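Each chain, letter by letter, is given below.
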Amino acid sequence: MELLLVEDNRRISEFMVKGLEECGFSVVLAENGTDARSLITQREWGLILLDIMLPDLDGITLLQYTRYKKINTPILVVSALGEPDDKVKALDYGADDYLAKPFHFKELVARIHALTRRSKFNNEVQDKALVADDLKLYIDSHVVERGGVEIKLTLQEFKLLQLLMENKNKVLPRPQILNTVWGIDYDTNTNVVDVYISYLRNKIDSMSQNKLIQTVKGRGYLIRTQA
């Protein structure tokens, strides 16, 4: 496994690199935030060991950058800042674990193993995704993306989109949509389905030339896609 160590203190970094390599890890060292930011995006890492107090870009900024780029590599913060507020801040910004300096080396290795086991498990049970061209819906996490950009939906909008994507290229009549999404018998006087289809179109299709949500007059709605 290849680890990225972000640490500007030469004495500490030499100690950590030597110990980790003796434990069988491959370690690449970044001694400042700018180099670390570049390395983070250049390749996939098994785990990132991140100091907070760095020259130029600090560790919190790197945390935010990494998660903004949707890089889900496990991050273990190893910092001399040991106050509870420091730990909470790092965890809130995307760290997976926090180890205060000074630390016992065996604990560092144990935490690395724990995080990599957790990451491996999470990768094996990845959130099931429904795909329609460049539109993705992640069922468990309730995340929707189009072209890599996240789209915020209400619960009912999400349920409606999920139904359409589970039945892509198949026309769904209004009564079926109403019963499945809202759980009520069809009422010819309600236009709730049409209203929510309009909501979805504004969020899903308005910024794209490829209009996925289509109306089949007299029959219902569908998502028409090639993928």
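Conventions adopted
- Residues numbered from 1 in each chain as written.
- Predicted model: local features only at pLDDT ≥ 70, side-chain atom pairs only at ≥ 80, totals over all residues.
- Heavy atoms only, no water.
- Helix = DSSP H or I, 4+ residues; strand = E, 2+ residues; numbered from the N terminus.
- Axes fitted to C-alpha atoms, helices over the stretch in contact; angles between N-to-C directions.
- Parallel < 35°, antiparallel > 145°, perpendicular 65-115°, else oblique.
- Left-handed = near helix turned anticlockwise from the far one by under 90°.
- Contact = heavy atoms within 4.5 Å.
- Nonpolar A, V, L, I, M, F, W, Y, C, P; charged D, E, K, R; others polar.
- Pairing = 2+ DSSP bridges.

This paragraph deals with unusual backbone geometry. A cis amide bond links Lys101 to the next residue, Pro102, at an omega of -5°. Relative to the helices and strands, Pro102 resides in the loop between β5 (97-100) and α5 (105-124). Positive phi, close to 55°, is recorded for Asp133, a residue that is not glycine. Along the polypeptide, Asp133 turns up in the loop between β6 (129-132) and β7 (135-138). Its identity is not glycine, yet Asn169 carries a phi of approximately 70°, on the positive side. By secondary structure assignment, the location of Asn169 is in the loop between α6 (155-166) and α7 (174-182).

Attention shifts here to the packing of helix α2 (residues 33-42) against helix α3 (residues 59-68). Interhelical geometry of α2 versus α3 gives an angle of 20° and a closest axis separation of 11 Å. When the axis of α2 is compared with that of α3, the two are roughly parallel. For α2 against α3, the interelement crossing comes out right-handed. Between α2 and α3, the contacting residues are Gly33, Ala36, Arg37, Ile40 and Thr41 on the first element and Leu62, Tyr65 and Thr66 on the second. Here the contact of α2 with α3 is composed, by residue class, of 4 nonpolar, 3 polar and 1 charged.

Our next topic: the sheet that holds β6. Spatially, the 4 strands line up as an open sheet ordered β6-β7-β8-β9, and their pairing is antiparallel. For this open sheet the edge positions go to β6 and β9 (149-151), each flanked by a neighbour on one side alone. Averaged over all pairs of adjacent strands, the angle between their axes in this sheet comes to 25°, without regard to strand direction. With 3 bridges joining them, strand β8 (residues 143-146) and β9 adopt antiparallel strand pairing.

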